[in-house]
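Structural description and commentary
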Amino acid sequence: MSLEYSSMEMMTIAAARRIKDDDIVFCGTGVPLLAAVAAKKIHSPNCTVFFETGAIDPDLDEIPLSVADPRVMKGASHHGSLLDAFNFMQNNRTGPKVLGVLSGAQIDAYGNLNSTSIGSYTEPSIRFPGSGGACDVASFVGRTMIFMKHERRRFVDKLDYITSPGWLTGYSSRYDIGLTKGGPEVVISDLGVMSFDPETKRMYLSHNFESSSIEKIVDETGFNLDIDEAQQEPRPTKNELSILREKVDPLKLILR
Amino acid sequence: MTDEDKVMLASEAIDRYVSSGDCVTLGGFTINRNPMALTHEMIRQEKDRLHVVLHSGSQALDLLIGAGLVEILEIAYGANGRIAPTCVRFRKAVEEGQIKVEDYSNYQISLRFLAGAMGVPYLPTTSGLGSDIVIKQGIDERLRNQRESLPDNKIIITQNPFSELKEPLVLVPAINPDVTLIHVQKAADDGTVRIDGLSFTDIEQARASSHVVVSCEELVKSRELRAEPWRNCLPHVLVDAVVHQPHGAYPTACFGYYDYDMEHLTKYRQISEDDLEFEKYIDSMVRHVGSFGEYLGMISQDTLNSIAAESELGYARRKSR
């Protein structure tokens, strides 16, 4: 079956649908940023996008390729420092409204993320960039949305390194260790959408995409994934697709 | 020292304020305002055995590591946006065990500079509870004892002394680098500094350090910046040296002046994958070059024109392909 949209477009739109009008979205670059801009242009015009570098609600006329791209600076409501940006995630007024968008090289069943290294920490076989602000966001904000490429080597039973704390070992473990706010809400992969059980905090499949069967998702997941609740995510509408292609990433910098 | 004495060439500033074995930090963030001119000079003068502390480093850091000058690195992030998802020389150096690296988060490193600037030994946060960042050390005790600039411990978990609930807290140690290198839009002959656009953690880094070397796009008279002091970012007394170097952050961006050079950064990433190619690059573009001005002379005028910022945007509008 050939589709009139790519898996990256589906992923972006699935994420955009989950961004609400009063959300304050903490964004990195790439697909998460497209999702935030798409949400703003499709159904959540009042959502505020901000970056760990300190830029709050910039114009984003062009897609930035880094959170320090000068394109995050133009037209912003405020330019603060890094410390200001992280305090914006922690204060009692704006902090709980922040939806943090994260990613990583590895994820486990409780939404903990590794973006540091593979192998032993002091003698790694592969080194990644490191936390950046991800660990801070995962620790502080009200809700987090995680983007992942859905592969067995990335959805693993045990992380080589916990860079960003999710639900840790499930149940109340996150709260018990001292993280009283937040926790992962949803994981969006190129194959589907995962949520977390309200009690056990373990990941389960909530939606598969039109192009990916539930069997394929189970196959590409390195831990036991509950599929009982799974339903199909509605395909992108014409309106969603045309806004994404024409207004969000017209130069196809991210959506190739 | 009179104000005029602060204005000097990059070669003089680096010679005077940086020594081998120093603890150094760099301003900017990923593809923006990296102190490239000052970094090139560090490489030419072979300031080695460095202890570098940084939140999010990219081009300048990657060059310093590639040149073999970094021994110890305390860092949160080593990448160049979407151009290099992990900086290549950084990645290779860690994977091959050439540098000692220890991870923090961006906020934790920024707090470490703030603590240094405040003159307090540490600051608390909840960031990192439950993560390996608060557990795993990359630097052993022997090295910690050897190097005065390294804290005795990486991070300490304690309990809130103000509350009966004794909530857990992460304490991050203050850092006071020997020198901060930053590139800014405008600086005055007396050392007053103005940054346009995002200042990242530059201000805390500068306040925490024993010395601050600044390079600038425009060198102006102090009275020009003092006409609007609320726009200034560092007072003259914090700055030791002012180097006038237009395009001093190239190939990274400088808001309002020029964009990052996508082509140069992409080519750098490709070259840096190969050890020999990288050596050739650093020899021909940095080591055997007389000055940063000479390096810029090797970049075509068309390239520099193509990245010139449009005044109403602060960056160069992308051309549709």
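Below or above, wherever it landed, is the structure these notes cover. (Residues numbered from 1 in each chain as written. Chains lettered and ligands numbered in written order. Predicted model: local features only at pLDDT ≥ 70, side-chain atom pairs only at ≥ 80, totals over all residues. Heavy atoms only, no water.)

1. A look at the overall build of chain A
- If you tally the helices and strands in chain A, you get seven helices and 14 strands.
- In terms of C-alpha radius of gyration, chain A reaches 18 Å, essentially the compact-globule figure of 18 Å for 256 residues.
- Dimensions of chain A, computed from the C-alpha atoms along their principal axes, are close to 45 × 45 × 35 Å.
- Buried positions account for 62% of the 256 residues belonging to chain A.
- Nonlocal contacts in chain A, meaning residues at least 24 apart in sequence, comprise 64% of its contacts between residues at least 6 apart. (Helix = DSSP H or I, 4+ residues; strand = E, 2+ residues; numbered from the N terminus. Rg over C-alpha atoms; globule rule 2.2 N^0.38 Å. Buried < 20%, exposed > 50% of the residue type's maximum accessible area, 1.4 Å probe, protein only. Contact = heavy atoms within 4.5 Å.)

2. Some remarks on the state of the cysteines
- Inspection of every chain in the model, using the stated rule, returns zero disulfides over all chains.
- With no disulfide of its own, Cys135 of chain A has Cys27 of chain A as its nearest cysteine by sulfur position, at a separation of 19 Å.
- Here Cys254 of chain B is not cross-linked by a disulfide; its sulfur's nearest cysteine counterpart is in Cys216 of chain B, at 9.9 Å. (Disulfide = S-S within 2.5 Å.)

3. Observations regarding the packing of helix α4 (residues 88-95) of chain B against helix α9 (residues 262-272) of chain B
All names here are of chain B.
- With their axes 9 Å apart at the nearest point, α4 and α9 run at an angle of 25 degrees to one another. Taken together, α4 and α9 sit at an angle that is classed as roughly parallel. Across the interface between the two elements, Val88, Arg89 and Lys92 from α4 touch Tyr268, Arg269 and Ser272 from α9. (Axes fitted to C-alpha atoms, helices over the stretch in contact; angles between N-to-C directions. Parallel < 35°, antiparallel > 145°, perpendicular 65-115°, else oblique.)

4. Quick word on the interface of chain A and chain B
- The partner chain B presents 64 residues to the 58 residues of chain A that form the contact.
- The contact between chain A and chain B buries some 4700 Å² in all, and 61% of this surface belongs to carbon and sulfur atoms.
- If you sort the residues of chain A by the area they bury against chain B, Leu83, Tyr121 and Arg127 of chain A come out on top, with a joint share of 15%.
- Between Glu62 of chain A and Arg318 of chain B there is a salt bridge, with the nearest N and O atoms lying 3.7 Å from each other.
- Where chain A touches chain B, the interface holds 26 residue pairs in polar contact (both at pLDDT 80 or more). (Buried area = accessible area lost by both parts, 1.4 Å probe. Salt bridge = Lys/Arg side-chain N within 4 Å of Asp/Glu carboxyl O. Polar contact = N/O pair within 3.5 Å; in protein donor to acceptor, adjacent residues only side chain to side chain.)

5. Re the nonpolar core
- In terms of nonpolar packing, the biggest core is built from 108 residues, with Ile19, Phe51, Phe147, Val187 and Met203 of chain A touching the most fellow members.
- With eight residues, helix α2 (residues 31-42) of chain A is the largest single contributor of residues to this core.
- Excluding residues that lie within four positions of it along the chain, Ile19 of chain A makes contacts with Val25, Ala35, Ala36, Ala39, His43, Ser44, Cys47, Leu99 and Met145 of chain A.
- Counting residues in hydrophobic clusters, the runner-up holds 55 residues, among them Ala10, Val70, Val286 and Tyr295 of chain B. (Core = buried A, V, L, I, M, F, W, Y, C linked by side-chain atoms within 4.5 Å.)

6. Examining unusual backbone geometry
Residue and element names in this part refer to chain B.
- Between Tyr250 and the following residue, Pro251, the backbone shows a cis peptide bond with an omega angle of 5 degrees.
- Among the structural elements, Pro251 can be located in the loop between β11 (241-244) and α9.
- The phi angle at Arg33 is positive, at roughly 45 degrees, despite the residue not being glycine.
- Position of Arg33 relative to the elements: it lies in the loop between β1 (23-26) and α2 (36-44).
- By relative accessible area, Arg33 is classed as buried at 1%.
- Its identity as a non-glycine residue notwithstanding, Phe200 has a phi of 55 degrees, on the positive side.
- With respect to the element layout, Phe200 can be found in the loop between β9 (193-194) and α7 (202-208).
- Look at Phe200 and you get buried, because its relative accessible area is 1%.

7. Some points on the side chain of Arg147 of chain B
Residue and element names in this part refer to chain B.
- Looking at where Arg147 falls in the secondary structure, it is placed in the loop between α6 (141-146) and β6 (156-159).
- At 3.3 Å, the side chain of Arg147 forms a polar contact with the side chain of Glu71.
- What Arg147 contacts, discounting residues up to four positions off in sequence, is Gly21, Asp22, Arg49, Leu50, His51, Glu71 and Ile72.

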